[in-house]
Amino acid sequence: MNQTVTPDSLRPDPSVPSSPDLRRIQAHPDHWYPMAWSRELKPGGTLAVSFAGEPIVLVRPKEGPVFALEDRCAHRQVPLSKGTVDGCAVRCCYHGWAYEASGKCVDVPYLGKDKLPNGVRAYPCREADGLILVFPGDASLADSVAFPGLGSVANPKYKTRRFGKTVGCHYSFMHENLMDMNHQFMHSKQMGQMKPRVLGQARGDDWVEVKYSFKRTGGKQPLGEAVIFGERRSGDQNHAERDIMTIRTEYPYQTLRIQTGDEDPVMDLWIVYVPLDREQKTNRVFGLLSVRKPKIPGILNVAWPLLVLFTERIFREDREIVEMEQAAHDAQGHDWNQEVFPVIRSLRSLLMSCGVDSSVPVS
Amino acid sequence: MNQTVTPDSLRPDPSVPSSPDLRRIQAHPDHWYPMAWSRELKPGGTLAVSFAGEPIVLVRPKEGPVFALEDRCAHRQVPLSKGTVDGCAVRCCYHGWAYEASGKCVDVPYLGKDKLPNGVRAYPCREADGLILVFPGDASLADSVAFPGLGSVANPKYKTRRFGKTVGCHYSFMHENLMDMNHQFMHSKQMGQMKPRVLGQARGDDWVEVKYSFKRTGGKQPLGEAVIFGERRSGDQNHAERDIMTIRTEYPYQTLRIQTGDEDPVMDLWIVYVPLDREQKTNRVFGLLSVRKPKIPGILNVAWPLLVLFTERIFREDREIVEMEQAAHDAQGHDWNQEVFPVIRSLRSLLMSCGVDSSVPVS
Amino acid sequence: MNQTVTPDSLRPDPSVPSSPDLRRIQAHPDHWYPMAWSRELKPGGTLAVSFAGEPIVLVRPKEGPVFALEDRCAHRQVPLSKGTVDGCAVRCCYHGWAYEASGKCVDVPYLGKDKLPNGVRAYPCREADGLILVFPGDASLADSVAFPGLGSVANPKYKTRRFGKTVGCHYSFMHENLMDMNHQFMHSKQMGQMKPRVLGQARGDDWVEVKYSFKRTGGKQPLGEAVIFGERRSGDQNHAERDIMTIRTEYPYQTLRIQTGDEDPVMDLWIVYVPLDREQKTNRVFGLLSVRKPKIPGILNVAWPLLVLFTERIFREDREIVEMEQAAHDAQGHDWNQEVFPVIRSLRSLLMSCGVDSSVPVS
């Protein structure tokens, strides 16, 4: 009989530090994360969401602000989101235990008010610009942690597309995908061939930023992109290179802006990837894609379906590839990434230092 | 980098003893458990069933009683239930090995009778009132362990509905569900609002019993319930409170009887939850719902579909909620139950002491 | 509370050595294994295949021979099979890294040629008689290890049916199934009742062989079999017993030949079971079923659909049973096989000694 042999070439590259593994670094919970679009939660309704495997119920009473609780009844742990909104409280569907916004248990139909048991965890919760955000970490920090800017969604000069899907990968693959514009190669069917040039990069404690220009080397500008720029660009090289794309990860959010000279950005994307499951192998994307309205604003509305179609196609290609990266990681059990692009090395180091290392036990 | 932080509120309540976990207590095998309805097994046929992950084949020869064997050929462990009934034996479909009711191997087509190999395990097996029951534990105890009474199924004064489904949860959730009548809250759409009152409880070595009366606080008596009582009940409080409901877990069976004064019960339910898989996270329900025939018996037959519909709806709601309890347990890894109802505490303690603790290794 | 009790009869037979477990012995990688049929891979195309969990991409440039690489880009481990063939190289779809047949990285669009990173593993690869074969083990041994004979596929006196399906079991069940002709019992609906007689067996370092004759004891010769023999056989016992069936496992391949006297075989089957997943619980069958052409060769073509139908039915029955064997092994966690047939004991010992014991760690 023979012994197992793993060929050397199948082992991770020893030059890549294998520990800790970026794909096991958890998103830091001490930030404000979108949990749902406002329109998903009607007055008098509940909505089951989750952050990194923690079930959370969003409750919108008929009057008053949305609140967020642990989505488990204290009694038998069935989801409170299956229950009903009763005044300012949510009542479990099984034996009727009721909880108010603070998480306190305020009624058990068959117990005296003096005997009420412990309640459930409550999460800081805010609603802004059509998004419901929750602070899943240490609630005492919620007020001191910056609430995100949400791009140009509130700026009347812009029209915004809200988009998002669930993607089957660790959030870090999403950040890397967007920031590495060399992956334009993958979108050449949609966008033609564009050669990116790095104009510069910078790094702070909780952010990484890179600026690109692009030179079209083949194909024509797609219509969807023309909608964003408000004009058709010819193959004129100097013209195209005037547009500067700035991509920034400001932990845990990401933005992408396209600007010509000192003008306001023609496009301002704000995006975040919220881990859903405990292993953080799936994330829900919340994206706000704001496009500056042209002088004749009706044109943008007419052309909007083109932009939607264009961005959907790009997004689908991105989703397929990052899910393949996750599948490869699952099969290998480690991150074998062999990164050669300094911007991405910098981003990886940022995500590593800002996240939570789940492999280190609490002492 | 940061370390993992589990918020305190996500940890199980330390006041609840976490070990042993009731949801990992195995149903004790030294009892008679239904494995199938008689009508599921034709003469000359086989039927694959299971108890707690043990595959069992039920065999009904063309003549003679049903027998039960381990559903694995001794040779290559393929299911004997895929084979054929050959006289008083079952013959494996692959290489034709044959076994009789005792489990003894009585033929291998290519071996002399003097060289026959070991056979397979046989289980004590009895058929009664349309049920095939097996004793999956220590066969030497089968004769001394009480065979269950099966409610009023054999009583000609009653008409019985046989029902059952596979439910995706540990059997203990089923016992708790039925015995805690505070969960009437969940069925209020089907049954109207009923306030249960505990009249008393009792506990023995292998049983727990509770008696309730009910006061209607909203809604009307559903038609399906009227079928059971043989008459429509008005909102008259004293009248409703004359009906006594007795729920009893007599390990491992459960019964629910509704009685008015000293009369025979108007309803007599006998029910058992047989674990199917090794982890005992699914169970097959065998229920015998016997309703006392009214003086004009034809009425019950006419109204029977109403009763079926009514009980199906109740059962569906119960199934959904207990499967949510199991899903919560799977996600948490422990039982976080915070029980406030003394009857259920008593029941939990009974199920714990009568079952098998799978976490204790055999010394 | 009670302790877990495992009845003795549910434990594996102690007379069978339980360690090492044949069903965990890995197919030895230092052999040539078919990975695909030639027709599955068009010029300019790629094909994702796998050997024992290792993803492999087969690449057929527009000109030149097929080559085989690890199906993971060195950069981000996404499948190269999703990329495009670019001259003599395959280019990853994501950021455009390109690899030639040796596995060397020959282009990264945004890096200088002097900075190119490590490439990926290449596998020895050969194409013969409509099959693409790969040597998944130690590449330095590929030239010295015998390339398989592929039966009579290249012999113009024979017509060959190429067949194969993915089967959900360890390859060892396949070898045992074919070599133990007592399982004719299972095919009696298709083939009538045939009683096999062992004429002799032999064993070498890397092979086991057994010879059978058959006596028809019931039913008639099926038409599909008549196609193979080129004539209808009557019930004449002596006649039937003149046909000798030789089954041979010559590791890792298997052959089955039917011969009458000194004539060329009327049927010559070459078959191999290639493990697909890391646990080797699925295999892809590549079979070459060669039938000697009769004097009037057109007859064989006309009758061919009968042979196809016949062999498909047999194969379906075999697949069902070996998948049940694997399912039983999965449920039991060990091999409980209780083998009474000396030929199969011999085969099991061969497969054990020629394979790789995955439970022994590399020292």
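Residues numbered from 1 in each chain as written. Chains lettered and ligands numbered in written order. Predicted model: local features only at pLDDT ≥ 70, side-chain atom pairs only at ≥ 80, totals over all residues. Heavy atoms only, no water.

- As recorded in an unreviewed UniProt entry, chain A goes by the name Aromatic ring-hydroxylating dioxygenase subunit alpha, listed as coming from Lichenicola cladoniae.

Focus: the interface of chain B and chain C
Step number 1: Contacts between the two partners involve 39 residues from chain B and, on the opposite side, 31 residues from chain C.
Step number 2: For the pair chain B and chain C, the summed buried surface comes to about 2900 Å²; carbon and sulfur atoms form 54% of the total.
Step number 3: It is Arg76(B), Gln77(B) and Tyr94(B) in chain B that bury the most area against chain C; as a group they hold 25% of the surface buried on that side.
Step number 4: Inspection of the region where chain B meets chain C yields 3 salt bridges.
Step number 5: The shortest N-O distance in the salt bridge between Arg76(B) and Glu325(C) comes to 2.6 Å.
Step number 6: The tally of links between chain B and chain C comes to 10 residue pairs in polar contact (both at pLDDT 80 or more).
Step number 7: When contributions to the side of chain B that touches chain C are tallied by element, the ones reaching two or more residues are strand S2 (25–26), helix H6 (342–354) and strand S22 (356–357) of chain B.
Step number 8: Take the side of chain B that touches chain C: its biggest share by element is 3 residues, from H6(B).
Step number 9: The class makeup of the residues in the side of chain B that touches chain C is 19 nonpolar, 11 polar and 9 charged. (Contact = heavy atoms within 4.5 Å. Buried area = accessible area lost by both parts, 1.4 Å probe. Salt bridge = Lys/Arg side-chain N within 4 Å of Asp/Glu carboxyl O. Polar contact = N/O pair within 3.5 Å; in protein donor to acceptor, adjacent residues only side chain to side chain. Helix = DSSP H or I, 4+ residues; strand = E, 2+ residues; numbered from the N terminus. Nonpolar A, V, L, I, M, F, W, Y, C, P; charged D, E, K, R; others polar.)

Here we look at the interface of chain A and chain C
Step number 1: Listed per partner, the contact involves 31 residues of chain A and 39 residues of chain C.
Step number 2: Between chain A and chain C, a total of about 2800 Å² is buried, with carbon and sulfur atoms accounting for 54% of that surface.
Step number 3: The tally of links from chain A across to chain C stands at 3 salt bridges.
Step number 4: Residue Arg76(C) is joined to Glu339(A) by a salt bridge in which the shortest nitrogen-to-oxygen separation is 3.2 Å.
Step number 5: Linking chain A with chain C are 10 residue pairs in polar contact (both at pLDDT 80 or more), by the criterion used here.
Step number 6: No other element matches the 7 residues that helix H5 (residues 298–332) of chain A contributes to the side of chain A that touches chain C.

Quick look at the sheet that holds strand S4 (residues 45–51) of chain C
All names here are of chain C.
Step number 1: Taken together, 4 strands build an open sheet; the order of strands is S4-S5-S6-S11 and the sheet is antiparallel. The open sheet is flanked by S4 and strand S11 (122–123), the only strands paired with a single partner.
Step number 2: In the sheet, strand S5 (residues 54–60) pairs with strand S6 (residues 67–70) via 4 bridges, with the strands oriented antiparallel. Across the sheet, Ile56 pairs through a bridge with Glu70, a residue of S6. (Pairing = 2+ DSSP bridges.)

Some thoughts on the packing of aromatic side chains
Step number 1: With the rule as written, the count across this model stands at 24 aromatic pairs over all chains.
Step number 2: When the ring of Trp32(C) is compared with that of Phe147(C), the centres are 5.5 Å apart and the planes differ by 65 degrees; the resulting orientation is edge-to-face. With a gap of 115 residues between them, Trp32(C) in the loop between strand S2 (25–26) and strand S3 (33–37) and Phe147(C) in the loop between strand S13 (131–134) and strand S14 (158–163) connect regions that are remote in the sequence.
Step number 3: We classify Trp32(C) as buried; its relative accessible area is 1%.
Step number 4: Taken together, the ring pairs in this structure connect Trp32(A), Phe135(A) and Phe147(A) into an aromatic cluster.
Step number 5: Over the ring of Phe173(C) we find Arg23(C), and its NZ or CZ is 3.8 Å from the ring centre.
Step number 6: Over the face of the ring belonging to Trp207(C) we find Arg248(C), whose NZ or CZ atom lies 4.4 Å from the ring centre. (Phe/Tyr/Trp six-rings, centres within 6.5 Å; stacked < 30°, edge-to-face > 60°. Buried < 20%, exposed > 50% of the residue type's maximum accessible area, 1.4 Å probe, protein only. Lys NZ or Arg CZ within 6 Å of the ring centre and 35° of its normal.)

A short note on the nonpolar core
Step number 1: Of all hydrophobic cores here, the largest spans 100 residues; its most connected members are Met35(A), Ile56(A), Leu58(A), Ile247(A), Leu256(A), Leu80(C) and Tyr99(C).
Step number 2: By residue number, the principal contributor to this core is H5(A), which donates 8 residues. (Core = buried A, V, L, I, M, F, W, Y, C linked by side-chain atoms within 4.5 Å.)

Topic: the sheet that holds strand S8 (residues 89–91) of chain A
Residue and element names in this part refer to chain A.
Step number 1: Strand order in the open sheet formed by 4 strands is S7-S8-S9-S10, and the pairing between neighbours is antiparallel. Strands at the two margins of the open sheet, each flanked by one partner only, are strand S7 (84–86) and strand S10 (105–107).
Step number 2: Across 2 bridges, the pairing between strand S9 (residues 98–99) and S10 is antiparallel. Counterpart to Tyr99 in the pairing with S10 is Cys105.

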